[in-house]
Structure formats: structure tokens, C-alpha cells
Amino acid sequence: MRSKTRGAIQCEHRDLPISVVNNFGTILKGDSCGMIRLESATTEESMPRTPQPHHTRVLITSGFWRAYQTLNHERVIPYQWRALNDEIPDAPKSHSVENFRIAAAMSQGDYDGMVFQDSDLAKWIEAAGYAIENARDDSEFPAAARQTLEQRVRHVVDVIAAAQQPDGYLNTYFTVKRPDARWSNLRQAHELYVAGHMIEAGIAVFRGTGDRTLLDVVIRLADHIATVFGTEPGKKRGYPGHQEIELALIKLYRTTGETRFLDLARYFIDERGRTPYYFDAEATSPDFVRIWNSPLVHDYQQSHLPVREQVDAVGHSVRAMYQYVAMANLAIETGDAALAQACRALWESTTGRRMYVTGGIGSTSAGEQFTIDYDLPNDTAYAETCAAIGLFFFAHRMAVLDSDARYADVAERALYNGVISGLSLDGERYFYVNPLAVDPRVCDTNGTYAHVKYRRQPWYGCACCPPNIARLLASLGDYAAHATGTTLYLDHFMNGTVSATLEPGPLEVEVGGDYPWDGAVTVTVSDAPASDTTIAIRLPGWCDGPTITVNDEPVKVAAVLQRGYATLTRRWRAGDRIAVDLPMPVRTISADPRVKSSFGRIAVQRGPLVYCLEEADNRTGLHTVALASVPDFQVAHRDDLLGGVTVITSAGTTVALQACDDTLYRAPAYPPGRTDATLTFIPYYAWANREPGEMVVWVLAG
Ligand SMILES: [Zn+2]
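Residues numbered from 1 in each chain as written. Predicted model: local features only at pLDDT ≥ 70, side-chain atom pairs only at ≥ 80, totals over all residues.

Take the overall build of the chain next. Scanning the chain from terminus to terminus reveals 18 helices and 25 strands. Each of the three principal axes of the chain carries a C-alpha extent, and together these read 75 × 65 × 50 Å. Counting all 702 residues of the chain, 52% fall into the buried class. In the chain, of all internal contacts separated by at least 6 residues, the share reaching a separation of at least 24 is 70%. (Helix = DSSP H or I, 4+ residues; strand = E, 2+ residues; numbered from the N terminus. Buried ≥ 20, exposed ≤ 12 C-beta atoms within 10 Å, placed from the backbone. Contact = placed C-beta atoms within 7 Å.)

Take the sheet that holds strand 4 (residues 56-60) next. An order of 4-8-9-10-16-12-13 is seen for the seven strands of this open sheet, with the pairing classed as antiparallel. Every other strand in the sheet has two partners, leaving strand 4 and strand 13 (553-555) as the edge strands with one partner each. Pairs of neighbouring strands in the sheet enclose a mean axial angle of 20°, with direction left out of account. Examined bridge by bridge, strand 12 (residues 547-550) and strand 16 (residues 577-581) share four bridges and lie antiparallel to one another. (Pairing = 2+ DSSP bridges. Axes fitted to C-alpha atoms, helices over the stretch in contact; angles between N-to-C directions.)

In this structure, L249, M327, C343, A395 and L488 are the most contacted members of the largest nonpolar core, which totals 208 residues. A total of 13 residues in this core trace back to one element, the largest contributor, which is helix 14 (residues 385-402). Excluding residues that lie within four positions of it along the chain, A395 makes contacts with Y407, A408, V410, A411 and A414. (Core = buried A, V, L, I, M, F, W, Y, C linked by C-beta atoms within 7 Å.)

The next thing to look at is the packing of helix 3 (residues 118-137) against helix 4 (residues 143-163). Between helix 3 and helix 4, the shortest axis-to-axis distance is 10 Å and the interhelical angle comes to 145°. As helix 3 packs across helix 4, the resulting crossing turns out to be left-handed. In this structure, helix 3 contributes I125, A128, G129, A131, I132 and A135 to the contact, and helix 4 contributes R146, L149, E150, R152, V153 and V156. (Left-handed = near helix turned anticlockwise from the far one by under 90°.)

Looking along the chain, the bond that leaves T275 and enters P276 is cis, with omega of -5°. Each neighbour pair has its own omega, and for Y515 with P516 the value is 5°, a cis peptide bond. Within the secondary structure, P516 is located in the loop between strand 9 (505-513) and strand 10 (520-527). One non-glycine residue, E368, lies in positive phi territory at about 55°. As for its position among the elements, E368 is in the loop between helix 13 (337-353) and helix 14. Exposure remark for E368: the 22 C-beta atoms within 10 Å place this residue in the buried category. The phi torsion at N551 lies on the positive side, around 50°, for a residue other than glycine. With respect to the helices and strands, N551 occurs in the loop between strand 12 and strand 13.

Time to look at the environment of G693. Turning to its location among the elements, G693 is positioned in the loop between strand 23 (674-683) and strand 24 (695-696). Under the C-beta neighbour-count criterion, G693 is labelled buried, with 21 such atoms within 10 Å. In this structure, the C-alpha to C-alpha distance between G693 and E614, residues 79 residues apart in sequence, is 6.8 Å. Excluding its chain neighbours within four sequence positions, the residues that come into contact with G693 are P440, E614, E615 and A616.

Moving on: the packing of helix 12 (residues 317-334) against helix 13. In the contact formed by helix 12 and helix 13, the axes pass within 8 Å of each other and the chain directions differ by 145°. Relative to helix 13, the crossing made by helix 12 is left-handed. Along its contact with helix 12, which presents Y324, M327, A328, L330 and A331, the element helix 13 presents L339, A340, A342, C343 and L346. The residue inventory of the contact of helix 12 with helix 13, partitioned by class, reads 10 nonpolar, no polar and no charged. (Nonpolar A, V, L, I, M, F, W, Y, C, P; charged D, E, K, R; others polar.)

This part is about the pairing of strand 23. Across three bridges, the pairing between strand 19 (residues 609-614) and strand 23 is antiparallel. From the neighbouring strand, C612 faces strand 23, where its bridge partner is I682. Across eight bridges, the pairing between strand 22 (residues 645-655) and strand 23 is antiparallel. Considered in strand 23, the bridge of I648 is made with F681.

A few words now on the confidence of the model for the chain. Considering every residue of the chain, the mean pLDDT works out to 91; 92% of them sit at 70 or more. Predicted confidence is poor over residues 1-54, with pLDDT under 50, and the contacts of this stretch with residues over four places away or in other chains come to 113 contacts. (pLDDT = per-residue confidence, 0-100.)

Within the secondary structure, V194 sits in helix 7 (residues 191-209). With 449 residues separating them in the primary sequence, V194 and G643 have C-alpha atoms 35 Å apart. In this structure V194 touches F116, D118, S119, A122 and N171, once residues within four positions along its chain are discounted.

Between its first and last C-alpha, helix 12 extends 26 Å over 18 residues, near the 26 Å set by a 1.5 Å rise per residue. In terms of burial, helix 12 is largely enclosed, as 17 of its 18 residues are buried. Directly after helix 12, the chain includes G335, whose backbone phi takes a positive value near 70°. (Expected span 1.5 Å × (residues − 1).)

What follows is the structure, encoded as C-alpha cells:
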């Protein structure tokens, strides 16, 4: 099934019509001086399921990410449905579905859970919608499982629709507990955040099933919100305490083509951080209903400055990422140069000075926040799974905004490391916090590490991360590629079918290989327009010496390299075959010397994967481990280990702690020397899937 929408702009700086498209719907933009003109959408059999078709569609059919999507479909999403219905023994209760049933007068009882508990269910529905879409397009997904999922979604959507209030309001906390206090505490109560996630759910269900029920619910919700907030007299000049609705409204605009949703998103983005501060007035209002005793600190929710004046990544890291995603999206939509520049500054702050080597962000558990440049402690790291997911989203939007592969490099770093580390290999346990060094014995006894778990958990009282992973995995194809005008950008190497509607017509390629374990990637053209188009393949920043052939003819990489992409332009024909080889030697990495916790230490990376040492393969006292000054890395793929991983071994040394006596402090000639050891590294994402033990990413330099 393929759909088409064309957009074109004429711009004084460029002669060619330009359309920028993404995967959620139509994006049309020019460059910073461009105006957009949407031509009529033409579709084939997909109408009315997809009135605003996405221009790239990636169906992941084999390999590393297909395994994750299958796990998501068969284990993660069904497990989470049970969790949301409180059917997991010994797991914290969710009450999410029950809250909606109570709000819909289908059940008796009190609301239970966090004030934003609705969002857990919304993210699950979003995951289910995309999983259904994948299953619809791929017959290898079992039909029975798809039907079961569709029934569950239909059932819960009916409950949600019944919980919606006559004026369009939808939030079970306030409907059940405080119907008099709607919108009285935007800073803490998460109403707009929850609404945003419900909007994303409605879009995903529509995409997956063609059923408009939830989409219509969230359109009514968004229209209700527009009656409450805005600059017009009588409306509140408020904005969310936790960003999310902004990016969701832009997605709703792309899905429906209704500019009022873009306008509302722009209002929320533009209003944020203006003085006098809305949150100051709100906190002193007689209507204010306190949710928590958290102090009002404007940095925390990035409301300290208007967004175009923000240059440092501060405050709660997930809030920050969702804001930056929305800013980048709006910049793409409108060509707002100041907004785009702010995004670039915030990108540099986030990824240049405040990001872990795993793509984790958020250095402290105190408020789940960023701190200062280069403060990246390994053992007390927060690095929330949701924050890495948010960074992945932000990186993708920046790659679309600037067509620069360095953004996709960071997306890859986050995805292969700090995102999927949040999910156990069996799909039923989760990390909220993703540390880079762990000692279980200390975690059990030292309250400083109370947030650090060394076993993934069955669920959380605050369960934002588990369904966030599920929705990302289900929609992963949306982030594998993007398209502009006559160019298809392959941002990530995910095996499957990539379909794009370019200006001259449809281009379809098959991506194959064994990434991330092997750097040989093939791109085979299966359909192409009868004129020149460009296939732009990201050459990862970690890779030295990539080689490319087209139909076995070598390509001079330097001659085709543009902003990190190998841009191959020709009149492609079905059967044309591009072979990319990305050499993957084991690399050692050191951090900027200003990163105190990693000074004098080395991390090991191969391809996109950051590696770690676990006690299960090595021994206790991993803090003493030093890599040999000239490591003799050996690489071996182990199908029998951790679901199949490539293991790295090298010579190193450790200190024999058992030889220590009872003298706590002593002359530096002691301790009793280092002993040789063979170090065994596994991919970081796979840690904590065996018996609990120590783990470190950064080891001492030999
Ligand atoms: Zn989370």
C-alpha cells in the first residue's frame, strides 16, 4: 500500500521544488525563507485510513530490530496490558484502566495512582496502535495476536470515550477526584502532558486500525483545550508544567491537516518562559490546588526563559527533551530560524557537555535533572530511560531539520545503549534509571543509591518508562529514514523495506545485513522513479574508512560525502545494489578530562554498541580493573549468550582484593600489586539479565 502527497515550494534561493516529509504525516517546508504550498493529496486504496500519508514507511522485517519488534509484540505489549489491569503479582498496582472505568461510571471506587497515571495507558495504546500497523503490513506477525490486540484496544478506547466529559475534557484524576479544580495547577498536575499522550495514542490507533474513535476523542479534547488557553481575553495564558502536548499537537496537525492544532502548539511553545511568569501567578492564586510540595523553580520545567533564548539544557531531562522535540518540529513546519538556532544551541549543550557515553541524560536523581557541564557521575547517574528516548526523538527531528548525520549518530548512541538497556531481554522487566557503574551491595545499603536498581523491575508506581519503550519499539520504523525532495536519507541500518515518496515518484529499497554485529550493509533498489534521485546513507561518525560499491563498482566516498551522508545520485533501477562496509574494530574511548568520574578511564565501543564489564563474566572489584595499555581485543559472537551478542575480550589487570589485610589506610606501596586478568565485555544494553552483580562501563586505563 502506498500513498502520495506532494508539496512544493518555490524559494528565491533554490530553483527546485522542495518538500520535506516525515513519517507521521506530511511535513512541508522550505528553507528559512520558504513558504509552503500544499498540493492536493492523492491516494490509492489507503483512503480514508490515512488522509495525510507519511512519506517514508519502513517495515522492519529481519535482524536485530525485528527481534525487538517481535518481542515487543509478543511479550512486552501483552505483559504491559496485564500490568495496567493490575494482573501482575508482586508488581506495583497501576490502576490506569480502572481509573478510566471509574471516570466513565462503569465501576465504583476511588482514583488511585500518580496524577499522570492516564499517560501510562495512553502510551500503551500508542504502542498497540503501531504494533497493529506493523502486523497489518507484515503477514509474519500472527493474525490471532493482532486480533487480540485490536480487541483490547477497541475495548479500552470505548472506555476512554465514555470517560470524556461533555465539553471534551479528559483526565481521570480531576474527573474523579477534583472536578472543581481543572487547570488550577498546570505546573504540577500534568493535565496537558496527559492530554498530549492521549493525542499521540489517538493518532497511532487511527494509523493502525483506521478507527477514528480515539482520534475524534482527542480532537474534541484539543478543541476543548483551545477554549481554555490562549492569548485572547478570558483565556488562561498558561502552558504545561511537563511538556508533551506541544509535540502531540503538531503530530495531530500533520495527521488531520487542521492548522488550528499547529496554532495551539505554537501558542504553548511561544508562551513558555515569558514574564511575568504564569507559574508565579498560578501558585498564589486562590484556585491553586497543590499536588506536591515541590518548590517552584522555573529552570526545573524550562520555564525560566522564552524558548528561543534558552541555550543550556537545564532542569528535568524528560521535560527538556519533549520541549526540544516540539521546538524542532515547529521549526521544521514554519521555517522559524530563531527557533532552529535555539534547537542547535540546546543540542550542543545536551550532547556536547551533558550526555553519558550511553546516550543517557540527567545526572542527578534530585529532580531527575541535568546539573552542570561535564558533571556525569557514573554510579549515581539518573539517565532515565524516558530521557534517552526523548533524546532519540530530538535527534531524529534535528536530523530532519538540518539533514546532518551527526544528529543521527547521537540517536543511534541513545537507541542502542541507553534506551534498550531499560528493557530486559525477556521483555518483562524494566529499568527506570540506567547507571554506568553498579555495586549491588552498596545499592542495598547506601541511601544515596536508592534510585539505582541492579535488577530490572516488574513495574513502577511511576511507570512512565515501560510503555515509553513499547511505543518507541513499535514505531521504530518511523525513525529509520526520512525524505526530502529527491533524496531518501537512510539514518539507521534496520533490515527491511524502506518506501519513500519523493518528488519524482516512489523509491523503494531493501536494507539487509547483520547490523549492529557486522558492518556490511546492503541497500537494494526495488522500485525507483524514471529520473535521478539520491539515496543518502549515513556513514556513522564512529566509523573510519567506510567503503561503498554500487553494482560492484567502487565509489569514492570523499567525493559523495555530505554532512555525514554518502549521497548517491543517479537514475536508480530495480535491482541496483549498494554495498556499504563499515569497519567495526573495537574502539577505546576517553571522556573529556572535565568529566571527573571518568577521568583516567576508558570505555569500549564496537560499532554503535557501548560495552561494559559484568561480575558474571569477570570478578568482584570491577572498580580496580585496568585495560592493558595495548589491548589485544578479541571479538566473538556468542549465540548462546544473552540472546546472541558479540563479546569482546582483552588482557587487563585487577587488584586481588582478597589479599588485602585489615589495614584501612597505609603507605601507597601497598596494595599487593595487580594481577593479570582476561576481561570480558558485553554490550551495555544486555547487562543485568543474569544473576545480580557489579557492572562498570568505564575501566582504568592501563
Ligand atoms: Zn520514564
